[in-house]
Amino acid sequence: MNVRRLLRAHLESALAGLAPADQTDKLAEMLVPSQDPKFGDYQINCAMPLGKTLQRPPREVAEEIKSKLSPGELGTVEPIAGPGFINLKLSDAWLAAQLQSAVSDERLNIAPTTTPKSYVVDYSGPNVAKPMHVGHIRSTVIGDAIYRTLKFLGHKVIGDNHLGDWGTQFGMIIYGYKHFLDKAAYEKAPLDELARLYRLVNQLVDYHDSVRELPKLQQKAIGARAAVEQARTAATPGDKKAAQTLKKAESDAATVAQAVVDLEAKLAKIDADPALSKLVQAHPTIGAAALEETAKLHSGDAENLALWEKFKPICREAIEVVYRRLGVTFDETLGESFYHDLLADAANDLEKRGLAKTSDGALCVFLPGQEVPMIVRKKDGAFLYATTDLATIKYRMERWHPDAMLYVVDHRQSLHFEHLFAAAKLWGYETCDFRHLSFGTVLGKDGKPYKTRSGDTVGLMGLLDDAVEQAHKIVSDNDDGKPNGAELDPETRKQVAETVGIGAIKYADLSQNRTSDYEFSYDKMLAMSGNTATYMQYAYARVRSIFRRGGFNAATLRKSGAKIALGTPAERALGVALLRFEEALELSLVDFRPNLLTTYLFDLANAYSTFFEQCPVLKAPSEEIRDSRLLLCDLTARTIRTGLSLLGIDVVEQM
Ligand code: ARG
């Protein structure tokens with residue numbers, strides 16, 4: 001039941017003949033839930049802009065809209081407020097009837113869309129063979145929530161994990177395997193050994209890059225100091241602009257000086273390590289050599305291809321472990337390697353159609369309004385990330401003919417996707433709605449990208465373990481503090497902690513505005529009150545406990561013929577909140593923002609909390625009221641459970 005949509009249809013008819021036809025849609029959008037239930041349940045704000053267009057007093061326009069509005073059994077139109085706000089109040093009888101029909105409906109009366117579309121959702125996409133880190137969680141969790149919500153609303157959705165399984169990291173591992181393999185370690189724990197090889201080669205490559213970088217940086221520091229001297233001489237007392245220039249020069253110089261210090265320290269650390277510095281000396285051209293290994297792999301070198309085949313399942317298993325723990329699945333996992341054989345054709349096709357031209361030896365797609373072209377084949381014949389993405393689009397369009405393709409990838413790739421989508425449209429895929437659903441960075445307390453104390457970006461598995469461990473403490477403390485003593489046995493506590501810990505991490509991520517950075521904090525995400533999964537799970541468990549304590553079976557009650565009545569303001573407010581679920585789902589998909597669903601769940605849980613404080617359930621004044629309240633509790637629990645499940649989060653029966 002989408003109440004807002006029903007009311008909106010009434011508003012549209014009222015606007016017909018009054019507002020210019022091409023504006024009706026925009027004006028009707030201005031029907032929103034009321035900020036304050038004192039005034040009503042929904043509020044129409046369009047009389048003000050419409051008054052402006054018609055050059056009539058907004059209150060007069062509001063009165064006219066009001067006179068034409070006839071929501072019928074849905075409710076009543078309240079007297080105009082302020083400059084021209086029109087408030088709508090739902091009828092208690094209608095509200096109760098809607099809730100009643102949700103009681104016996106599997107889907108809580110949420111109808112699948114009448115205009116289903118097909119979507120490809122491209123999410124997670126980690127580069128395998130590199131350890132997965134906290135940044136990957138955002139794409140995985142946000143993409144999974146969007147996938148589930150679209151599907152629940154009846155769209156056709158294909159979840160495609162575009163794994164980075166063909167990149168330069170494999171050249172590094174192959175180089176490492178050929179030169180530094182610890183055979184015994186590999187036999188015992190192949191993944192750990194591959195990860196060690198990757199880190200080692202990366203470190204050695206980075207050392208030589210840094211050695212080359214250092215003199216340039218030192219030179220830059222000298223220049224920056226000179227600029228400071230110059231600015232200082234130029235600065236005469238009272239000259240504000242010169243003072244500013246000096247300040248800027250000083251700050252620039254400080255930044256470069258710090259970069260030199262950091263780089264020197266990094267090199268010194270390796271120099272001080274006898275084993276590492278020996279390797280550094282013995283492999284002076286390791287960077288180029290690792291790239292060479294990747295190039296050989298891509299050109300079909302038998303040895304490297306065999307090594308890649310051998311490493312791939314090991315690397316895959318490492319990420320599957322994470323997906324299993326997160327409860328995330330995909331319909332397809334077609335990694336970059338899958339498209340390798342399609343790249344040459346894609347580039348040739350673009351060239352043949354005159355969309356790509358050779359410039360400086362490289363094959364480029366020049367895009368209207370873009371300064372830099374998109375390179376699809378390098379001078380040396382190698383293809384790029386962009387070429388793979390183009391071939392991927394062609395493949396997906398031919399196989400699934402989707403209406404839309406959603407890419408859940410961090411904001412640093414915005415330019416890539418801007419180019420990619422423009423090129424795809426040129427290539428003939430104009431009908432598809434390509435969207436980059438970008439997201440911000442996960443930050444630590446210091447405001448920098450989240451890292452562990454040792455300086456590594458946090459490994460994802462360790463992160464999940466920590467969250468579950470902290471959740472275990474919270475669950476145990478809560479259980480120990482129960483008035484009649486603890487209720488959970490050790491095994492249940494463990495299971496609850498897993499669900500609460502994983503839920504907390506996911507919810508913390510999803511409840512942020514997708515495009516913002518956010519600070520990672522276990523304390524905040526596991527708080528028992530506030531906008532957290534823990535609070536939502538707790539509300540759910542509380543309902544379940546009411547049923548247990550009262551000896552009621554929810555399924556039996558639903559079929560019992562018991563009636564919902566909204567006798568008090570708290571019951572009514574909860575009823576209104578329950579009926580807004582479909583609206584919230586729809587809203588969360590307008591711009592693919594799961595945080596709008598979390599906001600809804602939080603509002604619902606708060607409405608429930610007020611209801612719970614003010615309306616005794618098991619000790620209700622009559623059996624009818626008790627049953628009605630039990631039904632409201634049950635609807636709340638089911639709505640929370642369904643909402644959380646669309647976010648990929650589980651509930652627990654007890655906590
Ligand atoms: N593997 C990429 C990375 O880690 C993300 C892939 C995103 N999807 C895509 N079709 N490009 O940066």
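Procedures and definitions
- Residues numbered from 1 in each chain as written.
- Predicted model: local features only at pLDDT ≥ 70, side-chain atom pairs only at ≥ 80, totals over all residues.
- Heavy atoms only, no water.
- Helix = DSSP H or I, 4+ residues; strand = E, 2+ residues; numbered from the N terminus.
- Buried < 20%, exposed > 50% of the residue type's maximum accessible area, 1.4 Å probe, protein only.
- Contact = heavy atoms within 4.5 Å.
- Areas by Shrake-Rupley, 256 points an atom, 1.4 Å probe, with all protein chains shown as cover.
- Lys, Arg positive; Asp, Glu negative; His and termini not counted.
- Charge placed at Lys NZ, Arg CZ, Asp CG, Glu CD.
- Polar contact = N/O pair within 3.5 Å; in protein donor to acceptor, adjacent residues only side chain to side chain.
- Salt bridge = Lys/Arg side-chain N within 4 Å of Asp/Glu carboxyl O.
- Near = heavy atom within 4 Å.
- Nonpolar A, V, L, I, M, F, W, Y, C, P; charged D, E, K, R; others polar.
- Expected span 1.5 Å × (residues − 1).
- Axes fitted to C-alpha atoms, helices over the stretch in contact; angles between N-to-C directions.
- Parallel < 35°, antiparallel > 145°, perpendicular 65-115°, else oblique.
- Left-handed = near helix turned anticlockwise from the far one by under 90°.
- Pairing = 2+ DSSP bridges.
- Core = buried A, V, L, I, M, F, W, Y, C linked by side-chain atoms within 4.5 Å.
- Patch = residues over 30% accessible without salt bridge, like charges linked within 9 Å, V, L, I, M, F, W, Y side chains within 5 Å.
- Arc of directions from axis to C-beta.
- Phe/Tyr/Trp six-rings, centres within 6.5 Å; stacked < 30°, edge-to-face > 60°.
- Lys NZ or Arg CZ within 6 Å of the ring centre and 35° of its normal.

(A) Seen up close, the overall build of the protein. Of the regular secondary structure elements, the protein holds 25 helices and 13 strands. Buried positions account for 49% of the 655 residues belonging to the protein. For the protein, the proportion of contacts with a sequence separation of at least 24, taken over those separated by at least 6, is 73%. Entry remark: accessible area of the protein is about 31,100 Å², with carbon and sulfur atoms responsible for 54%. A gap of 2 Å separates the mean positions of the 79 positive and 86 negative side-chain charges of the protein.

(B) A look at the environment of Asp252. For Asp252, the position within the fold is in helix 10 (residues 240-271). Sequence separation between Asp252 and Arg225 is 27 residues; the distance between their C-alpha atoms is 9.0 Å. A polar atom in the side chain of Asp252 sits 2.8 Å from the side chain of Lys248.

(C) Inspection of the pattern of salt bridges at higher detail. Evaluated as defined, the whole model comprises 47 salt bridges. Residue Glu193 pairs with Arg196 through a salt bridge whose shortest N-O separation is 2.9 Å. Linking Glu193 with Arg196, this pair stays in helix 9 (residues 190-234), spanning three residues, or about one helical turn. Through salt bridges with shared partners, a single network forms among Arg4, Arg8, Glu12, Asp25 and Glu29.

(D) Broad picture of unusual backbone geometry. Its identity is not glycine, yet Ser124 carries a phi of approximately 75°, on the positive side. Mapped onto the elements, Ser124 comes out in the loop between strand 5 (118-122) and helix 6 (134-152).

(E) How the structure looks around the site of the ligand. Around the ligand, a shell composed of Asp122, Gly125, Asn127, His162, Tyr385, Asp389, Tyr407, Val409, Gln413 and Phe417 is seen. Gly125 is positioned with one of its backbone polar atoms (N or O) 2.8 Å from a nitrogen atom of the ligand. Contacts to the ligand include Asp389, whose side-chain N or O atom sits 2.8 Å from a nitrogen atom. Taking 350 Å² as the accessible area of the ligand by itself, protein coverage stands at 87%. Across the shell around the ligand, the residue classes break down as four nonpolar, four polar and two charged.

(F) Region of interest: helix 10. Between its first and last C-alpha atoms helix 10 spans 47 Å; for 32 residues at 1.5 Å apiece the expected length is 46 Å, and the two agree. Along helix 10, the residues classified as buried are Ala242, Leu246, Ala249, Ala253, Val256, Val260, Leu263, Leu267 and Ile270. Contacts from the buried residues of helix 10 go to helix 9 and helix 11 (274-282). Of the residues that open helix 10, the one with a side-chain oxygen 3.2 Å from the backbone nitrogen of Lys241 is Asp239.

(G) View of the packing of helix 7 (residues 168-180) against helix 12 (residues 286-298). Interaxial distance between helix 7 and helix 12 falls to 7 Å at its minimum, and their mutual angle equals 110°. With respect to helix 12, the element helix 7 is oriented roughly perpendicular. Pair helix 7 / helix 12 crosses with right-handed handedness. Residues Thr168, Phe170, Gly171, Met172, Ile174, Tyr175, Lys178 and Phe180 of helix 7 pack against Ile286, Ala289, Ala290, Leu291, Glu293, Thr294, Lys296 and Leu297 of helix 12.

(H) Local environment of the pairing of strand 4 (residues 86-90). Buried residues dominate strand 4, accounting for four of its five residues. In this structure, strand 2 (residues 42-44) lies alongside strand 4, joined through three bridges in antiparallel fashion. In the strand pairing of strand 4, Ile44 is matched with Ile86. Relative to strand 4, strand 3 (residues 75-77) runs antiparallel, the two being bridged by three bridges.

(I) Layout of the sheet that holds strand 11 (residues 433-437). Ordered by their spatial adjacency, four strands build an open sheet running 6-5-10-11, and the pairing between neighbours is parallel. Each edge of the open sheet is held by one strand with a lone partner, namely strand 6 (156-160) and strand 11. Taken over all neighbouring pairs, the strand axes of this sheet differ in orientation by 15° on average, direction set aside. The pairing of strand 10 (residues 404-408) with strand 11 spans five bridges and is classified as parallel.

(J) Local environment of the side chain of Glu332. Within the secondary structure layout, Glu332 lies in the loop between helix 13 (302-326) and helix 14 (343-352). The exposure class of Glu332 is buried, given its relative accessible area of 18%. A polar atom in the side chain of Glu332 sits 2.8 Å from the side chain of Arg399. Residue contacts for Glu332: discarding those within four places in its chain leaves Ile158, Gly159, Asp160, Asn161, Arg399 and Trp400.

(K) The arrangement of the nonpolar core in detail. One finds Ile65, Phe311 and Phe520 to be the most contacted residues of the largest nonpolar core, which totals 175 residues. Residue contributions to this core peak at 14 residues, all from helix 9. Discounting chain neighbours no more than four positions away, the residues touching Phe311 are Phe170, Ile173, Ile174, Tyr177, Tyr186 and Leu194. Core analysis: the second largest hydrophobic core is formed by 33 residues, Ala346, Ile393, Leu420 and Trp427 among them.

(L) Up close: a nonpolar patch on the surface. Together, Leu587, Val590 and Leu596 make up a nonpolar patch on the protein surface, roughly 250 Å² of accessible area in all. One can find Leu596 in helix 24 (residues 595-614).

(M) Spotlight on helix 11. Looking at helix 11, one finds that the buried residues are Leu276, Ser277 and Val280. For helix 11, the buried positions fall inside an angular range of 95° around the axis, keeping them on one side. Opposite the buried face of helix 11, by more than 90 degrees, sit the exposed residues Pro274, Ala275, Lys278, Gln281 and Ala282. Buried residues belonging to helix 11 abut helix 9 and helix 10. Put simply, Asp273 is the residue that caps the front of helix 11, since its side-chain oxygen is 3.1 Å from the backbone nitrogen of Ala275.

(N) The environment of Ile286, seen in detail. Along the chain, Ile286 falls in helix 12. Apart from the residues lying within four places of it in its own chain, the contact partners of Ile286 are Tyr175, Phe180, Val201, Leu204, Val205 and His208.

(O) A look at the packing of aromatic side chains. Taken as a whole, this structure holds 24 aromatic pairs when the rule is applied. Ring plane angle 70° and centroid distance 5.0 Å describe the contact between Tyr323 and Phe330, whose orientation is recorded as edge-to-face. A residue is classified by how much of its surface remains accessible, and Tyr323, at 2% relative accessible area, is buried. By relative accessible area, Phe330 is classed as buried at 17%. The structure contains a cluster of three or more aromatic residues connected by ring pairs, namely Tyr123, Tyr147, Tyr323 and Phe330. Against the face of Phe612 rests Arg542, its NZ or CZ located 4.6 Å from the ring centre. The residue whose ring lies beneath Arg544 is Phe547, and the NZ or CZ to ring-centre distance is 5.8 Å.

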